Amino acid sequence: MASFDIVNKIDLQLVDNAINVAKKELMNRYDLKDEECEIDFERKNKIIKLQAKQAMALQSMVDIILSKFSKQHLDVRSIDLSKEPHPSGKLVLQELPVKDGIEKEIAKKIVAFIKDSKLKVQASIMDEQVRVTSKSIDELQTTMAKIRAHNFELPLQFDNMRS
């Protein structure tokens, strides 16, 4: 049986490069000079930590990071922007988790979407990925096309294609 995996993998080295370029731009920005802005990337936890004096400067830093991500050909949907900035003493802090892997809720949505498409494929959740199997490679390619056309709020890649 033919199969492929639907995954969400992000290259942490490219994320690191984007953060380093953003740090360099931050040092050269005149409007952020006195804002005590700082960007830190925790590679182990996959979290980008931001701090500044004002929320407006924090938003400028987020914009810089998003632009550097796109220049590194990273999908900006891989950054979770749902967490709000919170004050801590005289600074405002914000954490931006980098999404790596597919969460259970999104994996369930993907499986339900595949089952609703009425194709002759089987989808199953395996850890942080979804495996799709079928007897026909054409069915798998049709499934790939349908998944690419649908927005799951996550950059998805297709891996491990076997026939």
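Residues numbered from 1 in each chain as written. Predicted model: local features only at pLDDT ≥ 70, side-chain atom pairs only at ≥ 80, totals over all residues. Heavy atoms only, no water.

**Observations regarding unusual backbone geometry**
Negative phi is the rule for most residues except glycine; trans is the rule for most peptide bonds. Positive phi values are uncommon outside glycine, yet Lys46 reaches one of about 60°. Tracing the chain through its elements places Lys46 in the loop between strand 2 (38–42) and strand 3 (47–52). Given a relative accessible area of 24%, Lys46 falls into the partly exposed group. Backbone geometry at Asn160 places phi at a positive 60°, although glycine is not the residue there. When you line up the elements, Asn160 lands in strand 8 (residues 157–162). Owing to a relative accessible area of 29%, Asn160 belongs among the partly exposed residues under this scheme. (Helix = DSSP H or I, 4+ residues; strand = E, 2+ residues; numbered from the N terminus. Buried < 20%, exposed > 50% of the residue type's maximum accessible area, 1.4 Å probe, protein only.)

**Notes on the environment of Val7**
Positionally, Val7 belongs in strand 1 (residues 2–7). Its relative accessible area of 4% is what places Val7 among the buried residues. Residues Val7 and Leu81, 74 residues apart in the sequence, show an inter-C-alpha distance of 21 Å. Setting aside residues up to four positions removed in sequence, Val7 forms contacts with Ile102, Gln129, Pro155, Leu156, Gln157 and Asp159. (Contact = heavy atoms within 4.5 Å.)

**Considering the pairing of strand 6 (residues 122–126)**
In terms of strand pairing, strand 6 meets strand 7 (residues 129–134) through five bridges, oriented antiparallel. The residue bridging Ser124 from the neighbouring strand is Arg131, located in strand 7. Hairpin connection, strand 6 to strand 7: the antiparallel pair is bridged by two residues, and Asp127 has positive phi, about 55°. (Pairing = 2+ DSSP bridges.)

**A few points about the layout of surface pockets**
Any empty space left between atoms is shown by rolling a water-sized probe over those atoms. Considering only enclosed or pocket space, the largest pocket measures out at about 190 Å³ in volume. Together, 14 residues line the largest pocket, and Val98, Lys99, Asp100, Gly101 and Glu103 are the ones closest to its centre. In the lining of the largest pocket, the residues fall into five nonpolar, two polar and seven charged. (1 Å grid on protein atoms, 1.4 Å probe; cavity = no way out; pocket = protein on both sides within 12 Å on 5 of 7 lines; lining within 4 Å. Points joined across faces, edges and corners; volume = space filled by probe spheres on them. Nonpolar A, V, L, I, M, F, W, Y, C, P; charged D, E, K, R; others polar.)

**Focus on the sheet that holds strand 6**
Across the sheet, four strands lie side by side as 6-7-1-8; this open sheet has antiparallel pairing. The open sheet has two free edges, formed respectively by strand 6 and strand 8, since each of these has just one partner strand. Looking at each pair of strands side by side, their axes are set apart by 25° on average, direction ignored. Of the pairings in the sheet, the one linking strand 1 to strand 8 comprises four bridges and is antiparallel in character. Residue Asp5 lies in a different strand from strand 8, and its bridge partner there is Asp159. (Axes fitted to C-alpha atoms, helices over the stretch in contact; angles between N-to-C directions.)

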